[in-house]
Amino acid sequence: MLRSVGQERLAGSGEDPRVAELRTAVSRLRRELAGHPAEFPDRGIAEEELAALDAMAAGGSPEIPRLRRSLLLVAGAIGSVSALAPDLREVRIAIELFGEPPRG
């Protein structure tokens, strides 16, 4: 279930729902990537960046520019693997829940 940008933490849960959504989406894509039989040149990059996304989400308050950079690297690495497109889209949607990075 997707939540809107800026939604408050659920009462009693302690975890930002956007972080929970991101962790779920990243976990799903990591599983799908691990189970995908085809080898492709940038698979290692995708795996590393997904691990980085997971670590940022586990930290609780990820940096938006870093989230977006990791998303671009993952998309570039697995963008041609159409079987992973739906899960990649879910990661993108989860990152978009954090909104735009502050302009400075």
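Remember, predicted model here, so these are calculated numbers, not experimental data. (Residues numbered from 1 in each chain as written. Predicted model: local features only at pLDDT ≥ 70, side-chain atom pairs only at ≥ 80, totals over all residues. Heavy atoms only, no water.)

Draft legend 1. Examining the overall build of the protein more closely. Per the secondary structure count, the protein includes four helices and zero strands. Taken from N to C terminus, the helices and strands of the protein fall in the order α-α-α-α. Considering only intrachain contacts with a sequence separation of at least 6, the fraction spanning at least 24 residues in the protein is 65%. For the protein, the exposed surface amounts to about 6,100 Å²; the carbon and sulfur share of it is 52%. (Helix = DSSP H or I, 4+ residues; strand = E, 2+ residues; numbered from the N terminus. Contact = heavy atoms within 4.5 Å. Areas by Shrake-Rupley, 256 points an atom, 1.4 Å probe, with all protein chains shown as cover.)

Draft legend 2. Structural detail: the pattern of salt bridges. In this structure the tally under the stated criterion is seven salt bridges. Bridged by salt links that share partners, the residues Glu39, Arg43 and Glu47 form one connected network. (Salt bridge = Lys/Arg side-chain N within 4 Å of Asp/Glu carboxyl O.)

Limitation: the analysis is restricted to geometry and does not speak to function.
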